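# Examination of the molecular architecture
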Amino acid sequence: MASPNSKSTNETARKIFKILLANSRIKVSCVKAHAGNIGNKRADQLAKDATQHGQPYSHTKLPKPHIKGLLRKRLEEWQTSCKNGVTGRKIYNIMPLVSLRPTNWIREDVIFFSQHGPFPAYLRRFHLSDSDYCSCGGIGTALHYATKCIYTVFWHMRKPAANFEQEWLKRVVNNLVSRQKIRGIIKFI
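An account of the accompanying structure is given in this report. All of these numbers come straight from a predicted model, not from anything done at the bench.

Turning next to the nonpolar core. For soluble globular proteins, the rule of thumb is that nonpolar side chains tend to be buried together. In this structure, Phe112, Phe113, Phe119, Ala146, Trp168 and Ile182 are the most contacted members of the largest nonpolar core, which totals 23 residues. Those elements giving two or more residues to this core turn out to be helix 5 (107–114), helix 7 (142–147), helix 8 (165–173) and helix 9 (176–188). Setting aside residues no more than four positions away along its own chain, phenylalanine 119 makes contact with Ile111, Phe112, Gly140, Thr141, Ala142, Tyr145, Ile186 and Ile189.

And the structure:
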């Protein structure tokens, strides 16, 4: 939104507030990126299109079977893109099938399973840290914190054999107790 102030002098912001006041069914909230929120990517694309082309999005009614067919086609394209992609492999290896069903992942889950977070090994890749090492002396990866780090002993899980790491991650994803441990680790670090 252009301004959180309802008394803004910005013309676009004033129009937005007028629409919001007239339509109590419209809800505005912040949505974290890459958190599994359905429609977030589409909303980003519509916002980008509107700013680049100045064309407002018009809502037209379409028959449900047509919409379902379009959705099925998009899901197939999305699945192909995920399967053949080069990025997002860590998540793809855990969840190889795309779905519209929410994963119920929270921020901490995404950080751990994508391994994009406050891990020294990750930060070093982007020159945001001088070292790959955790302050305990081990290489600071998500798996290190979940299985070996002396600072996260309270949340430790049994370390998988190297050749079973992907299977271990799949089991952790589907185990609520393990997910609670992961969330505790991420909140701690």
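Time to look at the packing of helix 5 against helix 9. Two numbers describe how helix 5 lies on helix 9: the axes approach to 9 Å, and their chain directions differ by 90°. Classed by the angle they form, the pair helix 5 and helix 9 counts as roughly perpendicular. Every residue of helix 9 that contacts helix 5 at Glu108, Asp109, Ile111, Phe112 and Phe113 is listed here: Arg179, Ile182, Arg183, Ile186 and Lys187. Tallied by class, the residues present in the contact of helix 5 with helix 9 amount to five nonpolar, no polar and five charged.

It is worth spelling out the side chain of glutamate 108 at this point. Within the secondary structure, glutamate 108 sits in helix 5. Within the buried core, glutamate 108 has no salt-bridge partner, and the shortest N-O distance to an opposite charge, that of lysine 187, equals 4.6 Å. If we skip the residues at most four places from it in the chain, glutamate 108 touches Ile182, Arg183, Ile186 and Lys187.

Rules behind the numbers
- Residues numbered from 1 in each chain as written.
- Predicted model: local features only at pLDDT ≥ 70, side-chain atom pairs only at ≥ 80, totals over all residues.
- Heavy atoms only, no water.
- Core = buried A, V, L, I, M, F, W, Y, C linked by side-chain atoms within 4.5 Å.
- Buried < 20%, exposed > 50% of the residue type's maximum accessible area, 1.4 Å probe, protein only.
- Helix = DSSP H or I, 4+ residues; strand = E, 2+ residues; numbered from the N terminus.
- Contact = heavy atoms within 4.5 Å.
- Axes fitted to C-alpha atoms, helices over the stretch in contact; angles between N-to-C directions.
- Parallel < 35°, antiparallel > 145°, perpendicular 65-115°, else oblique.
- Nonpolar A, V, L, I, M, F, W, Y, C, P; charged D, E, K, R; others polar.
- Lys, Arg positive; Asp, Glu negative; His and termini not counted.
- Salt bridge = Lys/Arg side-chain N within 4 Å of Asp/Glu carboxyl O.

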